[in-house]
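In case you want the letters, here they are:
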Amino acid sequence: MKSVPHATSLRRAPVQRRSAERLTRILDACADLLDEVGYDALSTRAVAQRASVPIGSVYRFFGNKREMADALAQRNLERYSERVTRRLRQSGEDGGWRTAMDAVLDEYLDMKRTAPGFSLVDFGNQIPVGARNSEPNHRVADRLTELLSGYLDREPDEDLRRVFLIAVETADTLVHLAFRVAPEGDEQIIGEAREMLRAYLARALD
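Each residue is numbered by its place in its chain's sequence as written, counting from 1. Given that this is a predicted model, residues contribute local features only at a pLDDT of at least 70 and side-chain atom pairs are listed and counted only at 80 or more, while totals for whole chains, interfaces and linings are drawn from all residues. To obtain the side-chain values, all non-hydrogen atoms of the structure were used and water was disregarded.

> Provide a residue-level description of helix α9 (residues 187–205), including the pertinent values.
Secondary structure follows DSSP: runs of H or I at least 4 residues long count as helices, runs of E at least 2 residues long count as strands, and numbering of each begins at the N terminus. Working rule for helices: expected span equals 1.5 Å times residues minus one. Look at α9: 26 Å from first C-alpha to last across 19 residues, which is about the 27 Å you get at 1.5 Å a residue. Only heavy atoms matter for contacts: two residues are in contact if any of them lie within 4.5 Å across the pair. Those residues of α9 hidden inside the fold are in contact with α5 (96–114), α7 (135–152) and α8 (158–181).

Okay, structure coming up:
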């Protein structure tokens, strides 16, 4: 079964398998509609219709569309973490931080290009649309510290978290610029971002 958000993002956590599957359908419908109509035109009724569930099922989990978008952002982070972890397992333990950085950036770019609703919701830092809220980047930095400290054989301390926070903030700004310049992300800007991250991480992690 696909991952669902942690219970803290929901009015009520799904207990039974059928309830969890219904929540997944609701979030999938929310993601598809975000791509089709945008956040402003999104409605809980439209999500219920797309997911083929009663409107009461939506309100069982979410009080409004903002809560639904927040849950989708949280699910995005869970899926992103799973993708990075899987890629690092496949690559083995010899690549060090360079392999980890490529996994972190490449998986983010792939979700940006392919995951429904991701271009608007991301990990939460664009809702309402256009807002630039630093809190989701702190959440991503915390998750990367947790995921990568063992792979890098480093203590998950504040120094490592600060390194990841700076890298995440830098990547976030430059990737958003790349996708404003070109729908699939301007490759030259992405290349410059990659080089900038490598130079910073080499100084911080070598």
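> Explain the nonpolar core to me, and be specific about the residues and the numbers.
Core analysis: the largest hydrophobic core is formed by 38 residues, its most contacted members being Tyr80, Leu144, Leu148, Leu152 and Leu201. With residues near it in sequence (within four places) discarded, tyrosine 80 still touches Val104, Glu107, Tyr108, Met111, Phe123 and Leu144. Among buried residues, those of type Ala, Val, Leu, Ile, Met, Phe, Trp, Tyr and Cys that are joined through side-chain atoms within 4.5 Å constitute a nonpolar core. To sort residues, take the accessible area from a 1.4 Å probe on protein chains only and compare it with the maximum for the residue type: under 20% means buried, over 50% means exposed, and anything in between is partly exposed.

> How would you sum up the packing of aromatic side chains? Please name residues and give values.
Pairing of aromatic rings covers Phe, Tyr and the six-membered ring of Trp, with a centre-to-centre limit of 6.5 Å; geometry is then stacked below 30 degrees between planes, edge-to-face above 60, and tilted otherwise. Counted by the stated rule, this structure contains six aromatic pairs. Summarising the aromatic geometry, the rings of tyrosine 108 and phenylalanine 123 are spaced 5.9 Å apart at their centres and angled 35° between planes, so their arrangement reads as tilted. Of this pair, tyrosine 108 sits in helix α5 while phenylalanine 123 sits in the loop between α6 (118–121) and α7; the two residues are 15 residues apart in sequence, bridging distant segments of the chain. Accessibility classification places tyrosine 108 together with phenylalanine 123 in one group, the buried group. When the ring centre of tyrosine 39 is taken as reference, the NZ or CZ atom of lysine 65 above it lies at 4.7 Å. Two limits define a charge over a ring: the Lys NZ or Arg CZ must be within 6 Å of the ring centre, and within 35 degrees of the ring normal. The lysine or arginine in question, lysine 112, covers the ring of phenylalanine 179, its NZ or CZ lying 5.6 Å from the ring centre.

> Give me the lowdown on the pattern of salt bridges, citing residues and values where you can.
Any carboxyl oxygen of Asp or Glu that lies within 4 Å of a side-chain nitrogen of Lys or Arg is treated as forming a salt bridge with it. For the coordinates displayed, the defined rule picks out 18 salt bridges. Salt-bridge contacts for arginine 194 lead to aspartate 102; the nearest nitrogen and oxygen are separated by 3.1 Å. Linking arginine 194 in helix α9 with aspartate 102 in helix α5, this pair joins segments that are 92 residues apart in sequence. Overall, the relative accessible area of 16% leaves arginine 194 in the buried class. The residue glutamate 135 makes a salt bridge to arginine 139 at a minimum N-O spacing of 3.6 Å. Here arginine 139 and glutamate 135 lie together in helix α7, a separation of four residues that amounts to about one turn. Judged by its relative accessible area of 49%, glutamate 135 is partly exposed. The network of salt bridges with common partners includes Arg83, Arg87, Asp102, Asp106, Glu107, Asp110, Arg194, Glu195 and Arg198.

> Tell me about the side chain of threonine 44, and name the residues and values.
With respect to the element layout, threonine 44 can be found in helix α2 (residues 44–51). Residue classification places threonine 44 among the buried residues on the basis of a relative accessible area of 10%. In the analysis that follows, any N or O atom pair within 3.5 Å is treated as a polar contact, provided that within protein one partner can donate a hydrogen and the other can accept it, and provided that, for residues neighboring in sequence, both atoms belong to side chains. Engagement of the side chain of threonine 44 in a polar contact is seen with the side chain of tyrosine 59, the distance being 2.8 Å. With sequence-adjacent residues up to four places away left out, threonine 44 is seen in contact with Ile55, Val58, Tyr59, Asn64, Lys65 and Met68.

> Tell me about a negative patch on the surface, residues and numbers included.
Only residues whose relative accessible area exceeds 30% and that form no salt bridge enter a patch; like-charged residues are grouped when within 9 Å of one another, and nonpolar side chains (Val, Leu, Ile, Met, Phe, Trp, Tyr) when within 5 Å. We get accessible surface area from the Shrake-Rupley algorithm with a probe of 1.4 Å; when it comes to residues, only the shown protein chains can shield them. The convention is simple: Lys and Arg are positive, Asp and Glu are negative, and His and the chain ends are not counted. Positions of charges follow a simple convention, taking NZ of Lys, CZ of Arg, CG of Asp or CD of Glu. Taken together, the side chains of Asp153, Glu155, Asp157 and Glu158 define an acidic patch exposed on the protein surface. Of the residues examined, glutamate 158 reaches a relative accessible area of 55% and is grouped as exposed.

> Talk me through the environment of alanine 103; I want residue IDs and the actual numbers.
Mapped onto the elements of the fold, alanine 103 is located in helix α5. When its relative accessible area of 0% is taken as the criterion, alanine 103 is described as buried. As a C-alpha pair, alanine 103 and serine 91 span 12 residues in sequence and 9.4 Å in three-dimensional space. For alanine 103, the residues in contact, after removing those within four places along its chain, are Val84, Arg87 and Leu88.

> Outline α2, listing residues and values.
Since one α-helical turn is 3.6 residues long, residues separated by three or four positions face the same way. Listed in full, the buried residues belonging to α2 are Thr44, Val47, Ala48 and Ala51. Buried residues in α2, looked at end-on, bunch into an arc of 100°, giving them a common side. Of the exposed residues in α2, the ones pointing more than 90 degrees away from its buried face are Arg45 and Gln49. Each element contacted by the buried residues of α2 is listed here: α1 (17–37), α3 (55–61) and α4 (65–91). When we speak of the arc, we mean the arc of directions from the helix axis to the C-beta atoms.

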